[in-house]
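Chain residues, written in single-letter form:
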Amino acid sequence: MTNGAWPRAEDGHTPVPAAPVDAIGYVRVSLAREDMISPDIQKAAQIDWARRNGRRIVRWIVDLDATGRNLKRKIMQGVAAIEAGEAAEISVYRYDRWGRNAADSLANVARVEIAGGNVVSVTEPLDPETSIGRYNRTNSFALAEMQSDIIGDNWKAALASRVRNQLPATGTRRFGYVRKGRVPDPVRANMFRRDMADPAGERYEPDPETGRVLAAMYSRYAAGEGGISLVRWLNGDGIGTVRGGTWSLQTLFNVLDSGFGAGVLRVHDPACKCKQRSAKCGRVVWLPGSQEPVISEETWHAYQRRRAALRTMPSRLRAAVYPLSGLLFCGDCKDRL
């Protein structure tokens, strides 16, 4: 445009307004893990940018409570949409909303650009058509990754401090126990803080009702009762999980395998460098917890022995279809029939 007028057509007479460029607006918020930029703020900035730059946002993609450490989230729908020709650009509030892993972020920006599209930060006016613009964009992703690493290091330090104080790494509720010394945070939703009126501090005390249920769960399993039978008992008697839901084998063994009812804390082995959660890695250690156990040490070890034995048993034998499953052996190879 010149002096605010529309560019003229080739005949020099008829004004030809430029067609708006179709763009996909992307919003990501990682709740309670980093400084939160609300979805409304991110959307408003992108709408204003679109109005000033001849863009038309044809679709919104929103990832709430989504980490930026990987791109296993809805943003990949936007990448696929660009490749399908449904839009020409993806706009983000800042490049760190796209991702906080530099390698993955740049790889998927490249996918968009190979398809003929662009990823545009509406608050960081970098021109990826120039070498200095691409350099600064790479630095933006690297800085976002470093900030994420710092946030992660701070969380690890906080969780390690809780374990040193013989508390579970996360201050969540535990079945069979009452959590004391923490109250809802008046500012942050779904968050808790220390109860300054309680001098005893944070602690877990056995619940008079569910504590006995937890002890019975351990004892019955260690005595030979199956997990499916325990689940039926709990659900049949209307005993809800810590969230008030129904029990499944997964929730049952999540509770029992934690060892919390035995007075211990299940943590990922500090010597393991796999960077996975203990549930996926399998290398765990049990450390003393400050909570009072609801079962004896003998019951806990009996439970562990039976769990270890059943892990080596075929799934059809764990939940037998026939009364004699697993009880008959071949006379030659000694394998179970």
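Worth saying up front: this structure is predicted, and the values here are computed from it rather than measured.

Scoring rules and cut-offs
Residues numbered from 1 in each chain as written. Predicted model: local features only at pLDDT ≥ 70, side-chain atom pairs only at ≥ 80, totals over all residues. Heavy atoms only, no water. Helix = DSSP H or I, 4+ residues; strand = E, 2+ residues; numbered from the N terminus. Buried < 20%, exposed > 50% of the residue type's maximum accessible area, 1.4 Å probe, protein only. Areas by Shrake-Rupley, 256 points an atom, 1.4 Å probe, with all protein chains shown as cover. Pairing = 2+ DSSP bridges. Core = buried A, V, L, I, M, F, W, Y, C linked by side-chain atoms within 4.5 Å. Contact = heavy atoms within 4.5 Å. Arc of directions from axis to C-beta. Axes fitted to C-alpha atoms, helices over the stretch in contact; angles between N-to-C directions. Parallel < 35°, antiparallel > 145°, perpendicular 65-115°, else oblique. Left-handed = near helix turned anticlockwise from the far one by under 90°. Nonpolar A, V, L, I, M, F, W, Y, C, P; charged D, E, K, R; others polar. Salt bridge = Lys/Arg side-chain N within 4 Å of Asp/Glu carboxyl O.

Novice: What should I look at first to understand the overall build of the protein chain in this one?
Specialist: Within the protein chain, the secondary structure is distributed over eleven helices and ten strands. Considering the protein chain as a whole, with its 337 residues, one finds that 35% of them fall into the buried category. If you sum the accessible surface of the protein chain, you get close to 20200 Å²; carbon and sulfur atoms cover 54% of it.

Novice: What's the story with the pairing of strand 3 (residues 89–92) in this structure? I'm lost.
Specialist: Successive residues of a regular strand alternate their side chains across the two faces of the sheet. Alternating positions in strand 3 separate into two faces, Glu89 and Ser91 on one and Ile90 and Val92 on the other, with burial throughout. Taken together, the four bridges between strand 1 (residues 21–29) and strand 3 define a ladder with parallel strand orientation. Residue Ala23 lies in a different strand from strand 3, and its bridge partner there is Glu89.

Novice: Please explain the nonpolar core as it appears in this structure.
Specialist: A general trend in soluble globular proteins is that nonpolar side chains are found buried together. Grouped together as the largest cluster of nonpolar side chains are 27 residues, with contacts concentrated most on Met217, Leu234, Trp247 and Leu252. Going through the elements one at a time, helix 6 (210–222), helix 7 (227–236), helix 8 (249–257), strand 9 (264–268) and helix 10 (297–311) are the ones with two or more residues in this core. The leading source of residues in this core is helix 6, at six residues. The contact partners of Leu252, leaving out residues within four places of it in the chain, are Met217, Gly227, Leu230, Val231, Leu234 and Trp247. Listed in part, the 18 residues of the second largest apolar core include Tyr26, Ile75, Ala87 and Ala102.

Novice: Would you mind showing me how to read helix 8 here?
Specialist: Since one α-helical turn is 3.6 residues long, residues separated by three or four positions face the same way. Every buried residue of helix 8 is listed here: Leu252, Phe253, Leu256 and Asp257. Buried residues of helix 8, seen end-on, are gathered within an arc of 110 degrees and therefore sit on one face of the element. Those residues of helix 8 that are buried lie in contact with helix 6, helix 7, strand 9, strand 10 (284–288) and helix 10.

Novice: Would you mind going over the side chain of Asp269 with me for this structure?
Specialist: Among the secondary structure elements, Asp269 is positioned in the loop between strand 9 and helix 9 (278–281). Apart from residues no more than four positions distant in its own chain, Asp269 is found in contact with Arg283, Val284 and Val285.

Novice: Would you mind going over the packing of helix 8 against helix 10 with me for this structure?
Specialist: To describe two helices that pack against each other, one gives the angle between their axes and the distance between the axes. Running from N to C, helix 8 and helix 10 cross one another at 135 degrees; their axes reach a closest spacing of 11 Å. Comparing their axes, helix 10 and helix 8 come out oblique. For the crossing formed where helix 8 meets helix 10, the hand is left-handed. For the pair helix 8 and helix 10, the contacting residues are Phe253, Leu256 and Asp257 in the first and Trp300, Tyr303, Arg307 and Arg311 in the second. Looking at the contact of helix 8 with helix 10 residue by residue, the classes come out as four nonpolar, no polar and three charged.

Novice: For this particular structure, what's the right way to read the side chain of Thr299?
Specialist: Among the structural elements, Thr299 can be located in helix 10. Note on Thr299: relative accessible area 17%, which makes it buried. Non-local contacts of Thr299, meaning those with residues more than four positions away in its chain, are made with Tyr218, Ser219 and Ala222.

Novice: Please explain the packing of helix 4 (residues 102–114) against helix 5 (residues 131–164) as it appears in this structure.
Specialist: Closest axis-to-axis distance for the helix 4/helix 5 pair is 9 Å, and the angle between their directions is 145 degrees. The handedness of the crossing between helix 4 and helix 5 comes out as right-handed. Across the interface between the two elements, Ala102, Ala103, Ser105, Leu106, Val109 and Glu113 of helix 4 pack against Arg137, Thr138, Phe141, Ala142 and Glu145 of helix 5. By residue class, the composition of the contact of helix 4 with helix 5 is six nonpolar, two polar and three charged.

Novice: Sorry if this is basic, but what is going on with the pattern of salt bridges here?
Specialist: Think of it this way: side chains of opposite charge can pair up when their charged atoms draw near. Enumeration according to the criterion identifies 20 salt bridges in this entry. Its salt-bridge partner being Glu89, residue Arg55 comes within 2.8 Å of it at the nearest N-O pair. Here the residue Arg55 occupies a position in strand 2 (residues 55–64), and Glu89 occupies one in strand 3, the gap between them amounting to 34 residues. Between Arg111 and Glu83 there is a salt bridge whose closest N-O contact spans 2.8 Å. Of this pair, Arg111 sits in helix 4 while Glu83 sits in helix 2 (residues 75–83), placing them 28 residues apart in sequence.

Novice: Would you mind going over the environment of Leu159 with me for this structure?
Specialist: Within the element layout of this structure, Leu159 appears in helix 5. Residues Leu159 and Thr170 lie eleven residues apart in sequence; the distance between their C-alpha atoms is 6.8 Å. What Leu159 contacts, discounting residues up to four positions off in sequence, is Ala169 and Thr170.

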